[in-house]
Amino acid sequence: MHVKLLCSFRHTSLHFSENLETQHSKMNFDMPKRQLGGPGEGELDEKMQEFITQEQVKASLQAEILKMADKCWDKCVDKPSSSLGGKTETCITNCVGRYLDTTMVLAEKYQKRIQSAANQMG
């Protein structure tokens, strides 16, 4: 099951990345500042910033998942075929598990460093 999801996700991620690059090249990020001049101006800016932050988090997560899929695919799949053998499936499952475990450990250590630095400054 995990292998099918990984294979499907890898294909979808590659397609998503191509579409994202195409859309990104068409976008103009130099938006002029608007003078709304009424109540709610700050609220609009806050909502826009929240939206941008959420989209950045999504893009970051997508990039990490794609990186994981590529690494595990390259490590475990010798040659693509209509089905994967048990050895390949086990390799992919183990690779994904190790990648996720390592990412969680690193994230926790990074969070502790940030908290420690914030405590020293405060």
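Residues numbered from 1 in each chain as written. Predicted model: local features only at pLDDT ≥ 70, side-chain atom pairs only at ≥ 80, totals over all residues. Heavy atoms only, no water.

1. Observations regarding the pattern of salt bridges
- According to the stated counting rule, one finds two salt bridges in the structure shown.
- Across the salt bridge formed by Lys-58 and Glu-55, the nearest N and O atoms sit 3.2 Å from each other. With Lys-58 and Glu-55 both in helix α2 (residues 41-76) and three residues apart, the pair spans about one turn of that helix.
- Overall, Lys-58 belongs to the exposed group, its relative accessible area being 51%.
- Judged by its relative accessible area of 33%, Glu-55 is partly exposed.
- With its nearest N and O atoms 3.4 Å apart, the salt bridge here joins Glu-64 to Lys-67. Placement of the pair is Glu-64 and Lys-67 together in helix α2, with a separation of three residues, close to one helical turn.
- On the basis of relative accessible area, Glu-64 is assigned to the partly exposed category, the value being 32%. (Salt bridge = Lys/Arg side-chain N within 4 Å of Asp/Glu carboxyl O. Helix = DSSP H or I, 4+ residues; strand = E, 2+ residues; numbered from the N terminus. Buried < 20%, exposed > 50% of the residue type's maximum accessible area, 1.4 Å probe, protein only.)

2. Remarks on the state of the cysteines
- Evaluated as defined, the whole model comprises two disulfides.
- Across the disulfide from Cys-72 sits Cys-95; the S-S distance is 2.1 Å. Measuring the twist about the S-S bond at about -85 degrees, one finds the Cys-72-Cys-95 disulfide to be left-handed. Taken together, the residues Cys-72 in helix α2 and Cys-95 in helix α3 (residues 86-121) connect sequence positions 23 residues apart. Across this residue pair, the class does not change: Cys-72 and Cys-95 are buried.
- Counting only the cysteines that form disulfides, in the order they appear in the protein, gives the pairing 1-4, 2-3. (Disulfide = S-S within 2.5 Å.)

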